[in-house]
Amino acid sequence: MSQRLREVIAGVFSEVDVVLAYQQGFDKLHVTPCFMTMPEEINKLVWNPLCAHNLTSYLPSLKKKKVAVVVKGCDSRTIVQFMEEGLINRENVVIIGIPCNGVISVNKVLHETNHEPIEDITFGENGEISVKTLKGEKTLLLSDVCPDKCKTCQYPTPIVYDRLVGDPITSDKSPDSVYADIKEFENKTLEERLQYWEQEFDRCIRCYACRNACPMCICQDSCIAETRDPHWISQRSTLSEKFMFHMIHALHLAGRCVECGECERACPMGIPVNKLKRKINLDMKELFGYEPGINPEDKPPLYTFKVDEATIKEHKI
Amino acid sequence: MSDIAARELRIVGFLCNWCSYGGADTAGVSRFKQPTDLRIIRVPCSGRVDPLFIVKALLNGADGVLVSGCHPRDCHYTDGNFYARRRLEMLKRLLPFLGIDERRFHYTWISASEGARWQQTVTDFTKRVHELGPLHARKEATP
Ligand code: SF4
Ligand code: SF4
Ligand code: SF4
């Protein structure tokens, strides 16, 4: 697969200014994004299940450049959402799609290996991962250390692409599994739910990594979590300020979150940042039959309306 | 306990300038008796009501929030309330997920001539919020 990807990338250099792909990070367990501008740089390329990052996040800021980008199934939804919202010029992007069997959550691997420094990590054909530390070798299964999104992934093959590297894969995961956790959470009492969020959000250190990692958080330096005018939240480290920050993130993503999970991957405190957005997505699906990042012709449901809303009933007191 | 129940609660109302604020005014001019828990914030249009206004109110001490705009098809700006309807419905469904009783938030449509309907809505909503009690009881109990 790596070899085929290398060939495809080598073939697009003449068409674009920059290629977004992956390279080795500071140790064996980490892969980082790389920006390749010259054909020689292709030697840096890495492709394996550690390539979890959603590289499409860079596309809006490179809107005026010609860019080739390597995408997995879930990443491609971000591109579709960008198209729906007019945030990229599709003709400036060459999408190199790769059907995906799942990626690795670095945190889960570190948890399995008791945070020992990783000497080496290799990947087998059927999702086995051997991890070598000073304490010895351990075999893990991809299905045990993948992020939650991969366990219910409906779109392993990119939805849009210009080149496809490898054969398309169809999902074998039940569509009902996607929001099973959300529905389960709704079985809790109101009191339990409030307690859950208070506990989770209280750990937030407001580093804003979740926001910075989110491809759909497009306000960047004008984020209302930091503006003084309007002054939505202060710098005080209180639960209500943290809660409010999460409400800002969730409501600005309402009906736009592509569920790429970058927010949770970035969070140093293990906060389920994606959960509120997924709850809203479930509602948008039930109310308007809408799913973000699936069809470039769609319009996000809160950007539009119908004069007669068949699914919204008037509320009585 | 009875002490708290009898106390006035904090209810914030976001009313559009053209219809519901007029409706509230009509009720006032007609001297309809209304509960006094409601604090009205006049907005140009229900479409101006960012769902974050409601969340911010609830997180910062309000016990209930009421949003009221022009009836669908009657918006002064043609379609502001159509957008509002989708956003407010989204929020209505999100609140219980956060552990906040959705009955603390109500949105409705009241025109400038509907003074009696306004009176009824405020009375009923205030009654409901009183039944639910203060949202921040726990925090207030332990200063
Ligand atoms: S969600 Fe699907 S496409 Fe995305 S990394 Fe997981 S398995 Fe691959
Ligand atoms: S909120 Fe999280 S899952 Fe949703 S688009 Fe942003 S980073 Fe991706
Ligand atoms: S990344 Fe985590 S800790 Fe940082 S602001 Fe987001 S939720 Fe809070």
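Procedures and definitions
- Residues numbered from 1 in each chain as written.
- Chains lettered and ligands numbered in written order.
- Predicted model: local features only at pLDDT ≥ 70, side-chain atom pairs only at ≥ 80, totals over all residues.
- Heavy atoms only, no water.
- Helix = DSSP H or I, 4+ residues; strand = E, 2+ residues; numbered from the N terminus.
- Rg over C-alpha atoms; globule rule 2.2 N^0.38 Å.
- Buried < 20%, exposed > 50% of the residue type's maximum accessible area, 1.4 Å probe, protein only.
- Contact = heavy atoms within 4.5 Å.
- Areas by Shrake-Rupley, 256 points an atom, 1.4 Å probe, with all protein chains shown as cover.
- Lys, Arg positive; Asp, Glu negative; His and termini not counted.
- Charge placed at Lys NZ, Arg CZ, Asp CG, Glu CD.
- Pairing = 2+ DSSP bridges.
- Axes fitted to C-alpha atoms, helices over the stretch in contact; angles between N-to-C directions.
- Buried area = accessible area lost by both parts, 1.4 Å probe.
- Salt bridge = Lys/Arg side-chain N within 4 Å of Asp/Glu carboxyl O.
- Polar contact = N/O pair within 3.5 Å; in protein donor to acceptor, adjacent residues only side chain to side chain.
- Near = heavy atom within 4 Å.
- Nonpolar A, V, L, I, M, F, W, Y, C, P; charged D, E, K, R; others polar.
- pLDDT = per-residue confidence, 0-100.

Engineer: Whenever I open this one, the overall build of chain A confuses me. Can you help?
Structural biologist: Along its length, chain A carries 11 helices and eight strands. Over its C-alpha atoms chain A spans a radius of gyration of 21 Å, differing by no more than 12% from the 20 Å that the globule rule assigns to 317 residues. Once the C-alpha set of chain A is aligned to its principal axes, its extents read approximately 65 × 50 × 45 Å. Taken across its 317 residues, chain A has 51% of its residues classed as buried. Within chain A, counting contacts between residues at least 6 apart in sequence, those at least 24 apart form 65% of the total. Within the structure as shown, chain A displays about 15200 Å² of accessible surface, and the carbon and sulfur contribution to it stands at 49%. Across chain A, 39 positive and 46 negative side-chain charges occur, with their mean positions spaced 2 Å apart.

Engineer: Would you mind showing me how to read the sheet that holds strand β1 (residues 11–16) of chain B here?
Structural biologist: Residues and elements named next belong to chain B. Spatial ordering of the open sheet is given by β2-β1-β3-β4, a layout of four strands whose pairing is parallel. Of all strands in the sheet, those with a lone pairing partner are β2 (38–43) and β4 (105–109), marking the two edges. For this sheet, the mean angle separating the axes of adjacent strands, direction not counted, is 20°. Taken together, the six bridges between β1 and β2 define a ladder with parallel strand orientation. Bridge pairing in β2 links Gly13 to Ile40. Docked against the sheet, helix α2 (residues 20–29) engages β1, β2 and β3 (64–69), running at close to 110° with respect to β1. Against the sheet, helix α3 (residues 51–59) touches β1, β3 and β4, its axis set at about 155° to β3.

Engineer: It is not clear to me how the interface of chain B and chain A should be interpreted in this structure. Could you clarify?
Structural biologist: As a measure of interface size, the accessible area lost when the parts come together is often cited. Tallying the contact residues gives 37 residues for chain B and 43 residues for chain A. With both sides pooled, the region where chain B packs onto chain A buries about 3800 Å², and carbon together with sulfur makes up 68% of that total. Ranking the residues of chain B by area buried against chain A places Leu52, Arg86 and Phe97 of chain B at the top, with a combined share of 25%. Arg73 of chain B is paired through a salt bridge with Asp308 of chain A; the nearest N and O atoms lie 3.0 Å apart. Where chain B touches chain A, the interface holds 11 residue pairs in polar contact (both at pLDDT 80 or more).

Engineer: I tried to follow the site of ligand 1 on my own but got confused; where do I start?
Structural biologist: All names here are of chain A. Around ligand 1, the structure places Lys72, Gly73, Cys74, Cys100, Gly102, Val103, Lys149, Cys150, Cys153, Tyr155 and Pro156. Secondary structure elements with two or more residues in the shell around ligand 1: α2 (73–84) and α5 (148–151). Along the lines of polarity and charge, the residues of the shell around ligand 1 split into seven nonpolar, two polar and two charged.

Engineer: Can you help me understand the confidence of the model for chain B in this one?
Structural biologist: Low-pLDDT portions of the prediction should not be read for the details of their coordinates. Residues and elements named next belong to chain B. When pLDDT is averaged along chain B, the result is 91; 91% of the residues meet or exceed 70. This stretch, residues 1–5, has a pLDDT under 50; its non-local contacts, to residues over four places away or in other chains, come to two contacts. Two numbers describe this predicted complex: its pTM, 0.94, and its ipTM, 0.93.

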